[in-house]
Amino acid sequence: MDQSKPTYGLMAEFADPTTLVAAAKQTYDEGYRRFDSYSPFPIHDLFDAMHCHDRRVQLFVLLGGIVGGLVGFGLQSWISAVAYPLNIGGRPYISWPMFIPVTFELTILFASLTAVLAWIGLNGLPMPYHPVFNVPSFARKASEDGFFLAIEADDPRFDRTRTLEFLRSLGAKEINEIEA
Amino acid sequence: MDPKPATTPAYLPPPPLIEPGHTFGSVTEKIAAIVLTRRHPLSWVFGLTVGFMLTMMLMMALAYLIVKGTGIWGINVPVGWGFAIINFVWWIGIGHAGTLISAILLLLNQGWRTSINRFAEAMTLFAVACAAIFPLVHTGRPWLAAYWLLPYPNSMGIWPQFRSPLIWDVFAVATYATVSLLFWYTGLVPDLATLRDRAKKVWLARVYGALALGWRNSARHWARYETAYLLLAGLSTPLVLSVHTVVSFDFAISIIPGWHATIFPPYFVAGAIYAGFAMVLTLAIPLRVLYGLEDFITMRHIENMAKVMLVTGLIVAYGYVMEAFFGWYSSNRYESYMIWNRMTGPYAPYYWTLILCNIITPQVIWFKRVRTTPVLLFLVAMVVNAGMWLERFVIVITSLHRDFLPSSWGMFHATRWDWMTFIGTLGLFVTLFFLFIRVLPMISIFEMRTIVPGAKVKGSSAH
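With that out of the way, let us pick up the overall build of chain B. Secondary structure assignment for chain B yields 16 helices and 0 strands. Reported as C-alpha extents along the three principal axes, the dimensions of chain B are approximately 80 × 70 × 40 Å. Considering only contacts within chain B whose residues lie at least 6 apart along the sequence, 81% involve residues at least 24 apart.

Right, let's talk about the overall build of chain A for a bit. Helix and strand content of chain A: 6 helices and 4 strands. Secondary structure elements of chain A, listed N to C terminal, follow the sequence β-α-β-α-α-α-α-β-α-β. Relative to a compact globule of 180 residues, whose C-alpha radius of gyration would be 16 Å, chain A shows 25 Å and is clearly more extended. Overall size of chain A, expressed as C-alpha extent along the three principal axes, is 85 × 30 × 30 Å. Relative to its full complement of 180 residues, chain A shows a buried share of 41%.

We now examine helix H10 (residues 299-329) of chain B. Since the α-helix advances by 3.6 residues per turn, residues separated by three or four positions end up pointing in the same direction. Residues and elements named next belong to chain B. The end-to-end C-alpha distance of H10 is 44 Å, a good match for the 45 Å that 31 residues give at a rise of 1.5 Å each. Among the residues making up H10, those that are buried are His301, Ile302, Met305, Ala306, Met309, Thr312, Gly313, Val316, Phe326 and Gly327. One or two positions beyond H10, positive phi appears at Ser331, with a value near 55°.

Residue and element names in this part refer to chain B. Two elements in contact, H10 and helix H11 (residues 333-344), have axes whose closest approach is 7 Å; the angle formed by their N-to-C orientations is 140°. Taken together, H10 and H11 sit at an angle that is classed as oblique. When the axes of H10 and H11 are compared, the crossing they make is left-handed. Only Glu335, Ser336, Met338 and Ile339 of H11 make contact with H10, whose side of the interface consists of Glu323, Ala324, Phe326, Gly327 and Trp328. Residue classes in the contact of H10 with H11 are distributed as 5 nonpolar, 2 polar and 2 charged.

Looking now at the environment of Val77(B). All names here are of chain B. Within the element layout of this structure, Val77 appears in the loop between helix H2 (42-68) and helix H3 (83-107). Classification of Val77 as exposed rests on a count of 9 C-beta atoms within 10 Å. Put simply, Val77 and Ile285 are 208 residues apart on the chain and 43 Å apart in space, counted from C-alpha to C-alpha.

Right, let's get into the pairing of strand E3 (residues 147-152) of chain A. All names here are of chain A. In terms of burial, E3 is largely enclosed, as 6 of its 6 residues are buried. The two faces of E3 match: Phe147, Leu149 and Ile151 on one face and Phe148, Ala150 and Glu152 on the other face are all buried. Sheet topology note: the strand E1 (residues 7-14)/E3 ladder contains 6 bridges and is antiparallel. If you follow Leu10 over to E3, its bridge partner there is Ile151.

With 53 residues of chain B at the interface, the matching set in chain A holds 59 residues. Going through the elements one at a time, helix H1 (24-36), helix H6 (165-198), helix H8 (219-252) and helix H16 (445-450) of chain B are the ones with two or more residues in the side of chain B that touches chain A. Here the residues of the side of chain B that touches chain A sort into 27 nonpolar, 18 polar and 8 charged.

In the segment running from Leu125(A) into Pro126(A), the intervening peptide bond is cis, with an omega of -5°. Of note, Pro126(A) is situated in the loop between helix H4 (100-122) and helix H5 (136-141). Backbone torsion omega between Val77(B) and Pro78(B) reads 5°, so that peptide bond is classified as cis. Assignment of secondary structure puts Pro78(B) in the loop between H2 and H3. Positive phi is not limited to glycine here, since Asn109(B) has a value of about 60°. Inspection of the secondary structure assignment puts Asn109(B) in the loop between H3 and helix H4 (117-137).

On to the confidence of the model for chain B. Model confidence for chain B is summarised by a mean pLDDT of 90, while 96% of its residues fall at 70 or above. Here the predicted complex scores 0.92 on pTM and 0.93 on ipTM.

The next subject is the domain arrangement of chain A. Each assigned domain of chain A is listed with its residue range as follows: domain 1 (7-52 + 131-179) and domain 2 (56-122). Between the C-alpha centres of domain 1 of chain A and domain 2 of chain A there is a distance of 44 Å.

With that out of the way, let us pick up the sheet that holds strand E2 (residues 35-38) of chain A. Residues and elements named next belong to chain A. Taken together, the 4 strands give an open sheet; going across it, the order is E2-E3-E1-E4, and neighbouring strands pair in antiparallel fashion. Strands at the two margins of the open sheet, each flanked by one partner only, are E2 and strand E4 (174-179). Each adjacent strand pair in this sheet contributes to an overall mean axis angle of 20°, direction not counted. Of the pairings in the sheet, the one linking E2 to E3 comprises 4 bridges and is antiparallel in character. Its bridge partner lying in E3, Phe35 is registered against Ile151.

A word on the packing of H3(B) against helix H15 (residues 416-439) of chain B. Residue and element names in this part refer to chain B. Contact pair H3 / H15: the axes reach a minimum separation of 10 Å and the direction vectors enclose 15°. Between H3 and H15, the interaxial angle falls into the category roughly parallel. Seen along the crossing, H3 lies across H15 with a hand that is right-handed. Contact residues: Phe83, Asn87 and Trp91 in H3; Asp418, Thr421, Phe422 and Thr425 in H15. Tallied by class, residues from the contact of H3 with H15 come to 3 nonpolar, 3 polar and 1 charged.

Core analysis: the biggest nonpolar cluster contains 178 residues, and Ala115(A), Ile92(B), Met123(B), Ala127(B), Ala228(B), Tyr274(B) and Val280(B) have the highest contact counts within it. For this core, the element with the most residues is H8(B), which contributes 17 residues. Per-domain counts for this core show at least three residues from each of domain 1 (7-52 + 131-179) and domain 2 (56-122) of chain A.

For chain A, the mean per-residue pLDDT works out to 90, and 97% of the residues sit at or above 70. H4(A) holds the highest mean pLDDT among the elements of chain A, 96, whereas E4(A) holds the lowest, 88.

The next subject is H4(A). In this model H4(A) runs 32 Å from its N-terminal to its C-terminal C-alpha over 23 residues, within 8% of the 33 Å that 1.5 Å per residue would give. Burial within H4(A) is extensive, with 17 of its 23 residues counted as buried.

What follows is about the environment of Ala275(B). Note on placement: Ala275(B) falls in helix H9 (residues 264-290). The sequence separation of Ala275(B) and Gly95(B) amounts to 180 residues, and the corresponding C-alpha distance is 8.7 Å.

All names here are of chain B. Locating Leu379 in the fold gives a position in helix H14 (residues 374-401). Its 16 C-beta neighbours within 10 Å are what place Leu379 among the partly exposed residues. C-alpha of Leu379 to C-alpha of Thr361: the two residues are 18 residues apart in sequence and 10.0 Å apart in space.

Rules used throughout
Counting restarts for each chain: residues are numbered from 1 in the order of the written sequence. Labels are handed out in written order, letters beginning with A for the chains and numbers beginning with 1 for the ligands. Thresholds applied to this predicted model are a pLDDT of at least 70 for local features of residues and 80 or more for the giving and counting of side-chain atom pairs; totals over whole chains, interfaces and linings are not thresholded and use all residues. Strands here mean DSSP runs of E at least two residues long; helices mean DSSP runs of H or I at least four residues long; both are numbered from the N terminus. Throughout, a residue-residue contact means that the two C-beta atoms, derived from backbone geometry, are no farther apart than 7 Å. Computation of the radius of gyration draws on C-alpha atoms alone. For the globule rule, the value is 2.2 Å times the number of residues to the power 0.38. Working definition of burial: number of other C-beta atoms within 10 Å of the residue's own, with buried at 20 or more, exposed at 12 or fewer, and partly exposed in between, all C-beta atoms being placed from the backbone. To estimate how far a helix should reach, multiply one less than its number of residues by 1.5 Å. Axis definition: a line fit to C-alpha positions, over the contact stretch in the case of helices; interaxial angles, taken between N-to-C directions, run 0 to 180 degrees. Roughly parallel refers to an angle under 35 degrees, roughly antiparallel to one over 145, roughly perpendicular to one between 65 and 115, and oblique to any angle outside these ranges. We call a crossing left-handed when the near helix sits turned anticlockwise from the far one by less than a right angle, and right-handed when that turn is clockwise. Ten residues, namely Ala, Val, Leu, Ile, Met, Phe, Trp, Tyr, Cys and Pro, are considered nonpolar, four, namely Asp, Glu, Lys and Arg, are considered charged, and the remaining ones, Gly among them, are considered polar. Paired strands, in this sense, are two strands between which DSSP finds at least two bridges. Every residue gets a pLDDT, meaning the predictor's confidence in that residue, from 0 to 100. As used throughout, domain bounds are those supplied by an automatic or database domain assignment. Residues of type Ala, Val, Leu, Ile, Met, Phe, Trp, Tyr and Cys that are buried and joined through C-beta atoms within 7 Å form what is called a nonpolar core.

What follows is the structure in structure tokens.
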């Protein structure tokens, strides 16, 4: 490996989900924090092994739903009582039971839009370029049957030789340097 | 001596969701190849051609409608609601099965949804697109519908009437279309990344790459993605139930005998799922043969869908019985006349054909022979598709055509423009569906990987 080139990190490939989960667990226990695993489908044990418990998606969806409900009810009340009041047989302007369906629909609409924006935004997408794709085996297999783990160079514990040794000790099939 | 009695297994384990012998690679290859190949079956070309020609007919019918107005349709006093609402309710109902499969079965942890959810969701989107045409064009002047339907600050200071179920419908259907699209797209992103990585042509990789947003299968991304996907499923579930409830309010909130019934919401929702599963079977049975997908859409899937159809069909049958019961039990002469007129009046042949299609024919699904013979099941599904259209016809037309005063009785005669618009939307649906199976994976690839035997983490405690 050329020591002079800038590097994004080191990437190890594993044979199957089981070894990847074990490797991710050891990497976390070793003290690495800026690392990521890559698998062609979601693996729940991997989330536990890496301690990814980002609860912000839920929070945003809850807030989105509350805002949607308030907007829905507020819009109808304002229109029916302020902007365009129609007196129909002396019935109340804010006849709230009739406003429930639209309030409900807008709650769902806002919460769903927030859910999609949250997973896209918190994941830092859209991202037109990412260094991991510079590893040829990753570009070929990550979305098919490859299980990868990459330790990033900006992790404080990252050291080219020591991290390489560590990844070898995890039983990686193949280790590549990721060009930045 | 072994005192243990001879054991027989209490039950047989269910057949697998995927035929044995598949790997991550073979699943990916098989599904992605349908999209990335240059070759496509002749039946695809034929289907698209027919669909496209019918779509052109739809364009013609709509253009003439916009020139002439709704007078070209068969509607008049007393039958002021004709094909537009029948077709709208029929199409939107068909869409419901897609959301049921993708959201409700996900929450219920039904693994068999995996190989059918993608194209069922596509079916939902296209059915909603067909449905949405009718409320727009039935106004006759759709360019004015902006301020009739949507709360937008126009120069006349006029706002919609939020106490009307027709406005609830606008919000319900618009939300349903949007959320279905979001849910479908969210499910597609990892598969778009797969297509990006497998595409041989640069431009194709760029197009799929842009749509995949730079997805790189990172575990940190998957965790947030799964949370969001589950939440979307949780939000879609009450949504889908609300949509057909609101559609049924269009009728039930009115005071027309035959419409003003509290059973309408559950009966409409069950009917929607019934019609939708019939349409999913209509699509799935030919697709799995044409594209050789029998390994993924197995007989277990087909059988399960048939069972859901049977159950919802029985709920619908209960609805029909209750309508007749209410007619008698209400002691209201208009209610009892309405149901009597439905059964013996000028539209009686429609009513009894509907009973034959929706209640009697589907009873053959009780036989395992029928459930495991795709051809027979396909025929039953076609009969149900027709039956559910007739159901809406009977509800709309027979309730209206005998007004409260005999002097304002009349009959409904559909014109050729009515039929051209209806058959045209069938063409639009077929066209959109055929384009979909050509450019996007019709089965969720990444979810199929999770049911390949190698996907299990050994010693896992997770779900």
